[in-house]
Amino acid sequence: MNRFPSYCTRLLFALALAACSREDPAPTTPAQDGHLALGNPSGAVTDAASPTNYLLLKPQYALSYHRDKGIPNWVSWHLSSAWLGASARQDDFRADPDLPAGWYQVSASSYSGSGFDRGHNCPSADRTASVADNSATFLMTNMIPQAPRNNQQTWGDLEEYCRTLARAGNELYIIQGQYGTGGVGSSGARTTIDNGRVTVPKRVWKVVVVLPVGTADATRVTASTRVIAVDTPNDNGLDPAWGGYRTSVDAIEAATGYDLLSAVAPAVQQAVEARVDNGPTQ
DNA sequence: CTGTTGGCC
DNA sequence: GGCCAACAG
């Protein structure tokens, strides 16, 4: 669940008290807040000596990259209406220039003919406030080989629902990742593509923390905060309805070994991570 | 790189 | 119409 020393708990509690004792300004306008405000699930670092858990921090999202799998371990981003605008989908899939020199660079054509989509983690449509923001989502470090039905239907619907929540006055902290090896695309089962350079993940998961619009602050998460955790098979035969794949954050942590929402107070983590969401799905 | 096509809500 | 794409030229 967490490895948070108790002094951190007390510190956060003190900070929360301090924040409450001040004159609170009225609810803030939607902002573009920190992508790792709720934690760094795998302790990723931007160090070439950490090729399987390499932290890439971009203005639009943060991710942990696995060089030898050619895909991210997880991608974390903030979503509020401040990220939503009128910029068109750029479709400029390309290699990520921010990887260390000498690492294999997955390219725009690496997935061609594989039977798997170039599936975004941080979706194109979540970053439409500027052309630069949208373009950043097309870096191949943000992609996984994703079964077309998983990507275009099940996942597409969940992403659309998240934007609906954002437009309705919420801000969301979203962490998506993948684990395991081997999926079933439109041309059958594969464990890798691109001559073995890119691993096809077995499962794709997402954790969504839904807060009313405010500042980036883990102390705003309470035991009653809505947290939606989903874990789907990367298999073209899956159900298009994402609601049936809901699970607990605890289950995703057990499957991945990550510590999710680690910046949230331990008692709150215990409450929200054990729960399975049963709220609306559209 | 542009234009076209296709599936789904 | 919007969003997810692949593919042809």
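Residues numbered from 1 in each chain as written. Chains lettered and ligands numbered in written order. Predicted model: local features only at pLDDT ≥ 70, side-chain atom pairs only at ≥ 80, totals over all residues. Heavy atoms only, no water.

- As annotated in an unreviewed UniProt entry, chain A carries the name DNA/RNA non-specific endonuclease and is attributed to Hymenobacter persicinus.

**Some remarks on the UniProt feature "binding site: Mg(2+)" (unreviewed entry) in chain A**
Here is step 1: UniProt feature "binding site: Mg(2+)" (unreviewed entry): in the numbering of this structure it lies at Asn151.
Here is step 2: Relative to the helices and strands, Asn151 resides in helix H3 (residues 148-167).
Here is step 3: Ignoring sequence-local partners within four residues, the contact set of Asn151 consists of Asp117, Gly119, Gln146 and Gly156.
Here is step 4: Of the polar contacts made by the side chain of Asn151, one reaches the side chain of Asp117; its length is 3.1 Å. (UniProt positions renumbered as here; feature names shortened; annotations may be inferred. Helix = DSSP H or I, 4+ residues; strand = E, 2+ residues; numbered from the N terminus. Contact = heavy atoms within 4.5 Å. Polar contact = N/O pair within 3.5 Å; in protein donor to acceptor, adjacent residues only side chain to side chain.)

**Digging into the protein's contact with DNA strand C**
Here is step 1: Lining the immediate environment of DNA strand C, one finds 14 residues, of which Arg89, Arg118, Gly119, His120 and Asn151 sit closest.
Here is step 2: Near the protein, meaning within 4 Å, the atoms of DNA strand C are sugar or phosphate in a fraction of 91%, with bases accounting for the rest.
Here is step 3: Between DNA strand C and Arg89, the relevant distance is 2.9 Å, taken from a phosphate oxygen to a side-chain nitrogen or oxygen of the residue.
Here is step 4: Arg118 places a polar side-chain atom, nitrogen or oxygen, 2.9 Å from a phosphate oxygen of DNA strand C.
Here is step 5: Only strand E4 (117-120) and H3 provide two or more residues apiece to the surface near DNA strand C.
Here is step 6: Broken down by element, the residue count for the surface near DNA strand C peaks at 5 residues, all from H3.
Here is step 7: A breakdown of the residues in the surface near DNA strand C according to their chemical character gives 3 nonpolar, 5 polar and 6 charged. (Near = heavy atom within 4 Å. Nonpolar A, V, L, I, M, F, W, Y, C, P; charged D, E, K, R; others polar.)

**Here's the deal with the nonpolar core**
One recurring pattern in soluble globular proteins: nonpolar side chains tend to sit buried together.
Here is step 1: Judged by nonpolar contacts, the single largest core of 43 residues is most densely connected at Tyr61, Leu79, Tyr111 and Leu172.
Here is step 2: Broken down by secondary-structure element, the contributors of at least two residues to this core are strand E1 (54-57), strand E2 (62-66), strand E3 (71-79), strand E5 (143-146), H3, strand E6 (170-179), strand E11 (203-212) and strand E12 (226-233).
Here is step 3: When residues in this core are grouped by element, the largest group, 6 residues, is from H3.
Here is step 4: Sequence-distant contacts of Leu79, that is, excluding residues within four places in its chain, are made with Leu84, Asp126, Arg127, Cys162, Arg163, Ala166, Asn170, Glu171, Leu172 and Ile174.
Here is step 5: Of all hydrophobic cores here, the second largest spans 22 residues; its members include Val209, Leu261, Val264 and Val272. (Core = buried A, V, L, I, M, F, W, Y, C linked by side-chain atoms within 4.5 Å. Buried < 20%, exposed > 50% of the residue type's maximum accessible area, 1.4 Å probe, protein only.)

**A word on the pattern of salt bridges**
Here is step 1: Inspection of every chain in the model, using the stated rule, returns 12 salt bridges.
Here is step 2: For the salt bridge of Arg163 with Asp126, the shortest nitrogen-to-oxygen distance reads 2.8 Å. Highlighted residues: Arg163 in helix H3 and Asp126 in the loop between E4 and helix H2 (131-136), separated in sequence by 37 residues. We note that Arg163, like Asp126, is buried.
Here is step 3: Salt bridges here are not isolated pairs; linked through shared partners, they connect Asp126, Glu160, Arg163 and Arg167. (Salt bridge = Lys/Arg side-chain N within 4 Å of Asp/Glu carboxyl O.)

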